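Letter by letter, the chains look like this.
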Amino acid sequence: MALQRNELELYFQPKVNLRDRRLVGAEALVRWHHPSKGLLLPGQFLPNIGGHELDAQLGEWVLRHALQQMRRWRALGHEIPVSVNIAVDHLEAPGFVDRLSALLMEFADVPAQALQLEILESGALLDPGRIGRLLETIQAMGVAVAIDDFGTGYASLAYLKHLPAQVIKIDQGFVREMLTKRDDRAIVQTIIALAHAFERDVVAEGVETDAHVEALVAMGCEVGQGYGIARPMPAASLLAWLQTHKVGAE
Ligand code: G
Ligand code: MN
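Now for a quick tour of the structure. (Residues numbered from 1 in each chain as written. Chains lettered and ligands numbered in written order. Predicted model: local features only at pLDDT ≥ 70, side-chain atom pairs only at ≥ 80, totals over all residues. Heavy atoms only, no water.)

**Things to note about the packing of helix α2 (residues 52–75) against helix α4 (residues 96–106)**
Closest axis-to-axis distance for the α2/α4 pair is 11 Å, and the angle between their directions is 20°. In terms of axis orientation, α2 runs roughly parallel to α4. Helix-helix and strand crossings are classified by hand; for α2 and α4 the assignment is right-handed. Counting all contacts with α2, which are made through Glu60, Leu63, Arg64, Leu67 and Arg71, the residues of α4 involved are Phe96, Arg99, Leu100, Leu103 and Glu106. Here the contact of α2 with α4 is built from residues that sort into five nonpolar, no polar and five charged. (Axes fitted to C-alpha atoms, helices over the stretch in contact; angles between N-to-C directions. Helix = DSSP H or I, 4+ residues; strand = E, 2+ residues; numbered from the N terminus. Parallel < 35°, antiparallel > 145°, perpendicular 65-115°, else oblique. Left-handed = near helix turned anticlockwise from the far one by under 90°. Contact = heavy atoms within 4.5 Å. Nonpolar A, V, L, I, M, F, W, Y, C, P; charged D, E, K, R; others polar.)

What follows is the structure, encoded as structure tokens:
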């Protein structure tokens, strides 16, 4: 299958500081160069793999390749924090923490702090006690944790209080619609306020235009990711993008 045949590639989507547009990190997103169907996005093949075993194998592949890429960028003088999407099945698979720790030892030249795991809010809610403990262990190893697609999973305030995650990523659906729909704007505003109140970092996904950037900055959201900043791109293109991408006042 794709894993053995070397048909997978990691793309990277920049995350920037919305005030000055400086790069603060990148999200690793897997692509499959399918022999006959062309380049496939995760949504086009992830639902099919479905099994826990493959989720875990793919996740391990992504973690290893993300660390390899971070190592290459460091060798070129760029320290780029990378976040990786981890399925809850994979997080809960026996030995996940041990394998992560072995990988971090293998890539000891890459600081654990530069690696971030993104866990879907809906997944994290399935078994908050158990997942909370896993996330605590992971953070104790230095790895950052973000809750992905926040706002879609009905997390309660009490739950957020106990959820050990330093970063909250606002679901792109709310962000995309926030300029035209009052309810979505209210949700975005509320998540930003919640993040501030709980002293978490907040990242807006789905930042599609400059108007989104301005509105988010006005609401106090500092970091964003989306087509309005850059699309996901191959690793080599990210450095080229960095060179041409305009940033705010020095
Ligand atoms: O759920 P998660 O945050 O992992 O989703 C990331 C996905 O969203 C990627 O497949 C990426 O290509 C896509 N994406 C990233 N930015 C935007 C955007 O601004 N608009 C839309 N429609 N999709 C985006
Ligand atoms: Mn994500």
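**Quick notes on the packing of α4 against helix α6 (residues 128–140)**
Where α4 contacts α6, the axes come no closer than 11 Å and their chain directions differ by 15°. Considering their axes alone, α4 and α6 lie roughly parallel with respect to each other. By crossing handedness, the relation of α4 to α6 is classed as right-handed. Contacts from Phe96, Val97 and Leu100 of α4 reach α6 at Leu134, Thr137 and Ile138. Taken together, the residues of the contact of α4 with α6 sort by class into five nonpolar, one polar and no charged.

**What about the site of ligand 1?**
Around ligand 1, the surrounding shell holds 16 residues, and the nearest of these are Glu27, Gln172, Glu205, Glu208 and Tyr227. In this structure, a nitrogen atom belonging to ligand 1 sits 3.3 Å away from a side-chain N or O atom of Arg176. One nitrogen or oxygen atom from the side chain of Glu205 is found 2.7 Å from an oxygen atom belonging to ligand 1. Contact with the protein chains removes 80% of the 520 Å² of surface that ligand 1 exposes when unbound. Sort the elements by how many residues they give to the shell around ligand 1 and strand β2 (residues 23–34) lands first, with three residues. Grouping the constituent residues of the shell around ligand 1 by class yields four nonpolar, five polar and seven charged. (Near = heavy atom within 4 Å. Polar contact = N/O pair within 3.5 Å; in protein donor to acceptor, adjacent residues only side chain to side chain. Areas by Shrake-Rupley, 256 points an atom, 1.4 Å probe, with all protein chains shown as cover.)

**Re the environment of Val202**
Topologically, Val202 is positioned in strand β8 (residues 201–204). On the basis of relative accessibility, which here comes to 7%, the residue Val202 falls in the buried class. As for Val202 and Arg74, which are separated by 128 residues in sequence, their C-alpha atoms are 26 Å apart. (Buried < 20%, exposed > 50% of the residue type's maximum accessible area, 1.4 Å probe, protein only.)

**Here we look at the pattern of salt bridges**
Evaluation of the coordinates by the stated rule reveals 13 salt bridges. Overlapping salt bridges, with partners in common, bring together Glu27, Glu118, Lys169 and Glu205 in one network. (Salt bridge = Lys/Arg side-chain N within 4 Å of Asp/Glu carboxyl O.)

**Considerations on the packing of aromatic side chains**
One pass over the full model with this rule turns up one aromatic pair. Taken together, a centroid distance of 4.9 Å and an interplanar angle of 70° make the contact between Phe12 and Trp73 edge-to-face. With Phe12 in strand β1 (residues 8–17) and Trp73 in helix α2, this residue pair connects regions lying 61 residues apart in the sequence. Take Phe12 and Trp73: they sit in the same class, and that class is buried. The side chain of Arg231 reaches across the aromatic face of Tyr227, ending 3.8 Å from its centre. (Phe/Tyr/Trp six-rings, centres within 6.5 Å; stacked < 30°, edge-to-face > 60°. Lys NZ or Arg CZ within 6 Å of the ring centre and 35° of its normal.)

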